[in-house]
Amino acid sequence: MRNALWPLSGVLAALVGAAAGHAAAHLLNPAASPVVAVGAVVIDATPAPVKEWATSTLGTADKAVLVAGVILFVALFGALAGWLAPRRRSLAIGLVAVLGVISGAAALSRPEAGPLDVLPALVATVLGRCLLFAFPGWVLGGDSRADDLARLANPQARRRFLIGGAGLAAAGGALALLGDRSLTGLGGTASNAVRLPVPDEQLPPLPAGLEGRFQGISPLRTPTADFYRIDIALAAPRVDLAGWTLRIDGLVDRPYSITFDELLAMPMIERDITLTCVSNPVGGDLCGSTRWLGVRVDELLRRAGPQQGADMVLSSAPDGFSASTPLEVLLDGRDAMIAVAMDGEPLTRIHGAPARLLTPGLYGYVGATKWLTRLEVTSFAKSTAYWTDRGWSPRGPVKTACRIDTPRTSAAAGETHIAGVAWATHRGIAKVEVSVDDGPWQEAELGPDVGVDYWRQWVLPWRAERGQHRLVARATDGEGAVQSSEIRDVVPDGAEGYHVVNVLVA
Ligand SMILES: Nc1nc2c(c(=O)[nH]1)N[C@H]1C(S)=C(S)[C@@H](COP(=O)(O)O)O[C@H]1N2
Ligand SMILES: [Mo]
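Residues numbered from 1 in each chain as written. Chains lettered and ligands numbered in written order. Predicted model: local features only at pLDDT ≥ 70, side-chain atom pairs only at ≥ 80, totals over all residues. Heavy atoms only, no water.

A.B. asks: Would you mind showing me how to read the overall build of the chain here?
C.D. replies: When you go through the chain residue by residue, the secondary structure sums to 11 helices and 19 strands. Taken over the C-alpha atoms alone, the chain extends approximately 80 × 70 × 40 Å along its principal axes. When burial is assessed residue by residue, the chain has 55% of its 506 residues classed as buried. Once local pairs closer than 6 in sequence are excluded, the contacts in the chain between residues at least 24 apart make up 75%. (Helix = DSSP H or I, 4+ residues; strand = E, 2+ residues; numbered from the N terminus. Buried < 20%, exposed > 50% of the residue type's maximum accessible area, 1.4 Å probe, protein only. Contact = heavy atoms within 4.5 Å.)

Below you can see the structure in the form of structure tokens.
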């Protein structure tokens, strides 16, 4: 332990400093947290194929893995600074300063950053710098010179190290947790203050889904807590309701802005819509279905009066994201909306509070901008969006997909069922078929029909016999087209291929 005192103290100093910076950002601006800002810079600098790989292999855990990586980097830096501290004091201080400059610069480089955003990095650096020497000094009884390491043999010093270290770690953990409430938006959601308006026509409650009768199938409505989250924002933007406006401009006759209160005062529609991500691999779970409340986009656009030559709406948000939605799709009468609520509750921060775009029939990256602040009417020839600049297709209609939810790996022998969900948003699902062990296609029973914009549950009774089995499912959309069997990767416009599951029946 004698040799470990200084590096371990360095790790503690760096992590507690970072946690304090994270907590300071909670008060100021979540995006300015040293860990978040550095992580966000890493995301932006990551080449598109690596990002693609991270989303499809790590799924929604990609953010956690990135944050863990940044924390590990901070800890290693701290260990090095700690090891140097008793030997090369100024070099150790220099290392801490480098860490501070990196995180401060990262915070300042974020879209919409202000000069105050450097403060969390400053808090982290000053605290880390102080702890780096103060803690070992206190453990060693006031003397922090290297040749006094021998004093750690003293049981009193050892106790101080353990108790003090545990205290510091606990304090750091508490600060990090406080800061984290602002990452996930669990604490103090701005939109908690929203009083939801009543839609002009209320939908009847959703019919009972197949989940009541068949275990393992996705519920007809995805609980918001289980709804997938995909975005480029490491910290969900915290949008101030009072200051929020939606600007509608570009190639229009009458550009205008509306406040949140004005938006809520407009006629509201309520719709059941399935949202899915273009990065969803075959059989993946980046898909959710729920009831949304919002204002029709066509109404908002017609008020502005789109001009000749416009064929696209570029929507954007404070995280630097933008999406290119075909104007024609937004005006063709489908229920594209600016949503303010999902499943009867105001949007949560991670799902885009206070308002987001939602376009039935298009993947999220082209039609579902969260934290929406602007709709710019423009053209595909003139403008490109965040993901189209990174190699994805500019228009993104949802492809027909069919997922086997159960069984996935194993099953007990006897009477059971094969079940799942299928979606072809805005075309609907007409048929689902299953083939067992390359046998003939058998038609599955479909669950309740909630409309063409919503997924469909399906189930096929199955007598499972012992051994290894190969299950394949495919869907036919509402226009009579069987989904593509050709295996295609998610880039550039969505995965294709049948979902195949190998099951061991025991
Ligand atoms: N502001 C913003 N909106 C965004 C994104 C983003 O990165 N930033 N990602 C889009 C993508 S790729 C998808 S699939 C959906 C996901 O919405 P959800 O997280 O509510 O499920 O949001 C879309 N809207
Ligand atoms: Mo997505």
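A.B. asks: Help me understand the site of ligand 1 in this model?
C.D. replies: Taken together, 19 residues surround ligand 1, and among them Tyr228, Ile232, Asp319, His351 and Lys370 come closest. Within the side chain of His351, an N or O atom sits 2.7 Å from an oxygen atom of ligand 1. Looking at side-chain class alone, the shell around ligand 1 contains 11 nonpolar, three polar and five charged residues. (Near = heavy atom within 4 Å. Polar contact = N/O pair within 3.5 Å; in protein donor to acceptor, adjacent residues only side chain to side chain. Nonpolar A, V, L, I, M, F, W, Y, C, P; charged D, E, K, R; others polar.)

A.B. asks: Explanation requested: the sheet that holds strand β17 (residues 456-464) in the structure shown.
C.D. replies: Hydrogen bonds between backbone atoms are what pair the strands of a sheet, whose relative direction is either parallel or antiparallel. Overall, antiparallel pairing links the four strands, which are arranged β11-β13-β17-β16 in an open sheet. What marks the edges here is a single partner per strand, and that holds for β11 (401-406) and β16 (445-446). (Pairing = 2+ DSSP bridges.)

A.B. asks: Is there a simple way to explain helix α1 (residues 5-28) in this structure?
C.D. replies: Since one α-helical turn is 3.6 residues long, residues separated by three or four positions face the same way. Taking 1.5 Å per residue, 24 residues should reach 34 Å; α1 reaches 34 Å between its end C-alpha atoms and fits that length. Most of α1 is tucked away: 19 of the 24 residues are buried. (Expected span 1.5 Å × (residues − 1).)

A.B. asks: Would you mind going over the packing of aromatic side chains with me for this structure?
C.D. replies: Geometrically, a pair of aromatic rings is defined through the distance of the ring centres and the angle of the planes. Inspection of every chain in the model, using the stated rule, returns 13 aromatic pairs. Plain terms: the ring middles of Tyr386 and Trp387 are 5.0 Å apart, the flat faces sit at 80° to each other, and that makes the pair edge-to-face. Across this residue pair, the class does not change: Tyr386 and Trp387 are buried. Put simply, the rings of Phe321, Tyr365, Tyr386, Trp387 and Trp392 touch in pairs and so form one group of aromatic residues. The ring of Phe133 carries Arg89 above its face, with NZ or CZ at 4.3 Å from the centroid. Over the face of the ring belonging to Tyr256 we find Arg303, whose NZ or CZ atom lies 4.4 Å from the ring centre. (Phe/Tyr/Trp six-rings, centres within 6.5 Å; stacked < 30°, edge-to-face > 60°. Lys NZ or Arg CZ within 6 Å of the ring centre and 35° of its normal.)

A.B. asks: Help me out: how do you make sense of the pattern of salt bridges in this one?
C.D. replies: Here the idea is simple: oppositely charged side chains can pair when their charged atoms come close. Considering all chains together, one arrives at 24 salt bridges under this definition. With a shortest N-O distance of 3.1 Å, Asp249 and Arg374 are connected by a salt bridge. Of the two residues, Asp249 sits in strand β1 (residues 245-250) while Arg374 sits in strand β10 (residues 374-378), which places them 125 residues apart along the sequence. For Asp249, a relative accessible area of 12% corresponds to the buried category. For Arg374, a relative accessible area of 30% translates into the label partly exposed. For the salt bridge of Asp405 with Arg403, the shortest nitrogen-to-oxygen distance reads 2.8 Å. One salt-bridge network, in which partners are shared between bridges, spans Lys399, Glu486, Arg488, Asp493 and Glu496. (Salt bridge = Lys/Arg side-chain N within 4 Å of Asp/Glu carboxyl O.)

A.B. asks: In this structure, what is going on with the nonpolar core? I would like to understand it.
C.D. replies: Buried together is how nonpolar side chains tend to be arranged in soluble globular proteins. Formed by 37 residues in total, the largest nonpolar core has its most connected members in Phe260, Leu263, Leu300 and Ile338. For this core, the secondary-structure elements that each account for two or more residues are β1, β2 (256-259), α8 (260-264), β4 (287-296), α9 (297-304), α10 (327-331), β7 (337-342) and β10. Element by element, the count of residues in this core is highest for α9, at four residues. For Ile338, the contacting residues outside a window of four places in its chain are Leu263, Leu293, Gly294, Val295, Val297, Leu300, Ala355, Arg356, Leu357, Leu372 and Leu375. Formed by 32 residues, the second largest nonpolar core is a distinct cluster that contains Trp6, Ala14, Ala37 and Leu84. (Core = buried A, V, L, I, M, F, W, Y, C linked by side-chain atoms within 4.5 Å.)

A.B. asks: It is not clear to me how the environment of Ala481 should be interpreted in this structure. Could you clarify?
C.D. replies: By secondary structure assignment, the location of Ala481 is in the loop between β18 (467-477) and β19 (499-505). When the C-alpha positions of Ala481 and Ala506 are compared, they lie 37 Å apart, and in sequence the two are 25 residues distant.

A.B. asks: Mind showing me how you'd approach the packing of α1 against helix α4 (residues 62-84) here?
C.D. replies: In a pair of packed helices, the angle between the axes and the distance between the axes together describe the arrangement. Packing of α1 against α4 brings their axes to within 6 Å, and their N-to-C directions diverge by 135°. As the angle between them shows, α1 and α4 are arranged oblique. In the packing of α1 onto α4, the handedness of the crossing is right-handed. Residues Trp6, Pro7, Gly10, Val11, Ala14, Leu15 and Ala18 of α1 touch α4, and the partners they reach there are Ile71, Val74, Ala75, Gly78, Ala79, Gly82 and Trp83. Of the residues that constitute the contact of α1 with α4, the class distribution is 11 nonpolar, three polar and no charged. (Axes fitted to C-alpha atoms, helices over the stretch in contact; angles between N-to-C directions. Parallel < 35°, antiparallel > 145°, perpendicular 65-115°, else oblique. Left-handed = near helix turned anticlockwise from the far one by under 90°.)

A.B. asks: Explain the packing of helix α2 (residues 34-45) against α4 to me, please; I cannot follow it from the model alone.
C.D. replies: Running from amino to carboxyl end, α2 crosses α4 at an angle of 115°, the nearest separation of the two axes being 10 Å. Crossing angle aside, the handedness with which α2 passes α4 is right-handed. Two secondary-structure elements touch here, α2 through Val35, Val38, Gly39, Val42 and Ile43 and α4 through Leu66, Val67, Val70 and Ile71. Of the residues assigned to the contact of α2 with α4, the class counts are eight nonpolar, one polar and no charged.

A.B. asks: Can you walk me through the environment of Gly82 in this structure?
C.D. replies: By the element assignment, Gly82 lies in helix α4. On a C-alpha basis, the gap between Gly82 and Gly10 in space is 3.9 Å, while along the polypeptide they are 72 residues apart. Among all residues touching Gly82, those that are not within four sequence positions of it are Trp6, Pro7, Gly10 and Leu132.

A.B. asks: Help me understand helix α3 (residues 48-58) in this model?
C.D. replies: All of the buried residues in α3 are Lys51, Glu52, Ala54 and Thr55. All buried residues of α3 lie within an arc of 160° about the axis, which places them on one face of the element. Against α2 and α4 lie the buried residues of α3. Where α3 terminates, the next one or two residues include Gly59, which has phi positive at roughly 60°. (Arc of directions from axis to C-beta.)

A.B. asks: Sorry if this is basic, but what is going on with the pairing of β7 here?
C.D. replies: Remember that side chains alternate between the two faces of the sheet whenever the strand is regular. Burial of β7 is extensive: six of the six residues sit out of reach of the surface. Note: β7 against strand β9 (residues 356-358), three bridges, orientation antiparallel. Across the sheet, residue Met337 finds its bridge partner in β9, namely Leu358. Where β7 and strand β8 (residues 345-346) come together, two bridges link them in antiparallel fashion.

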